[in-house]
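Each chain, written out:
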Amino acid sequence: MAKSDYEPMWCQRELPRAAMDARRNTLMGILSIEDGRVEFRTGNQVTQFEPVLSVQKGRRGSDFMNRWIEVQYGDAETPSTVYFNDAGWRGWRPILARTNRRIVADLSAVLRR
């Protein structure tokens, strides 16, 4: 699989919600997908999400506008969850251009079978 970089992307570990301070725990950075590896880079911090166990897209939490990408990764018995969303055009790009579909397809290609 060729390397795919998506930026800007929002990344958060807590369930998305609709509120004035909803992005206080959201990081903005670059999502990279390559050769079965998924990593998120923001500043000097690099976080890897391996192995990817499941990928789903849709409304999550109380955020009724955005269709977040939910990725479960790690140990199959006690998986961790992270949420991604395309932050382009101040968050409007995934709504108007449906860019999250391509990101989901790339993430699904690295699922642990």
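How each quantity is defined
- Residues numbered from 1 in each chain as written.
- Predicted model: local features only at pLDDT ≥ 70, side-chain atom pairs only at ≥ 80, totals over all residues.
- Heavy atoms only, no water.
- Patch = residues over 30% accessible without salt bridge, like charges linked within 9 Å, V, L, I, M, F, W, Y side chains within 5 Å.
- Areas by Shrake-Rupley, 256 points an atom, 1.4 Å probe, with all protein chains shown as cover.
- Salt bridge = Lys/Arg side-chain N within 4 Å of Asp/Glu carboxyl O.
- Lys, Arg positive; Asp, Glu negative; His and termini not counted.
- Charge placed at Lys NZ, Arg CZ, Asp CG, Glu CD.
- Helix = DSSP H or I, 4+ residues; strand = E, 2+ residues; numbered from the N terminus.
- Buried < 20%, exposed > 50% of the residue type's maximum accessible area, 1.4 Å probe, protein only.
- Phe/Tyr/Trp six-rings, centres within 6.5 Å; stacked < 30°, edge-to-face > 60°.
- Polar contact = N/O pair within 3.5 Å; in protein donor to acceptor, adjacent residues only side chain to side chain.

Caption draft 1: Broad picture of a negative patch on the surface. There is a patch of like negative charges on the surface, built from Asp5, Glu7, Glu34 and Asp35. By the element assignment, Asp35 lies in the loop between strand E2 (27-34) and strand E3 (37-42). Relative accessible area serves as the criterion here: at 57%, Asp35 is assigned to the exposed category.

Caption draft 2: Region of the structure containing the packing of aromatic side chains. Taken as a whole and judged by the stated rule, the model has four aromatic pairs. Summarising the aromatic geometry, the rings of Phe40 and Phe84 are spaced 6.1 Å apart at their centres and angled 45 degrees between planes, so their arrangement reads as tilted. Note that Phe40 is positioned in strand E3 and Phe84 in strand E7 (residues 80-86), a separation of 44 residues in sequence. Seen in terms of ring centroids, Phe49 and Tyr73 are 5.0 Å apart; in terms of plane orientation they differ by 80 degrees. Their pairing is edge-to-face. Taken together, the residues span a long stretch of sequence, with Phe49 in the loop between strand E4 (45-48) and strand E5 (52-60) and Tyr73 in strand E6 (residues 63-73) at a distance of 24 residues. Under the relative-accessibility criterion, Tyr73 is labelled buried at 9%. Through pairs of rings, three or more aromatic residues link up here, namely Phe40, Phe49, Tyr73 and Phe84.

Caption draft 3: Focus on the pattern of salt bridges. On inspection of all chains with the given rule, the structure shows five salt bridges. Here Arg41 and Glu39 are joined by a salt bridge, their closest N and O atoms 3.5 Å apart. For Arg41, a relative accessible area of 22% corresponds to the partly exposed category. Glu39 sits in the buried class, given a relative accessible area of 18%. A salt bridge links Arg93 to Asp86; its shortest N-O distance comes to 2.8 Å. What emerges from the salt-bridge pattern is a single network uniting Arg37, Glu39, Arg41 and Glu50.

Caption draft 4: Looking closely at the side chain of Asp106. In this fold, Asp106 is placed in helix H2 (residues 100-108). The buried charged residue Asp106 lacks any salt bridge partner; its closest oppositely charged side chain belongs to Arg102, at an N-O distance of 5.5 Å. A polar contact of 3.0 Å, which involves the side chain of Asp106, links it to the side chain of Ser4.

Caption draft 5: Main features of unusual backbone geometry. Of the consecutive residues Glu7 and Pro8, the connecting peptide bond is found in the cis state with omega at -10 degrees. The step from Glu50 to Pro51 runs through a cis peptide bond, and the omega angle for that step is -20 degrees. In this fold, Pro51 is placed in the loop between E4 and E5. With phi around 45 degrees, Asp35 is a residue other than glycine that occupies positive phi space.

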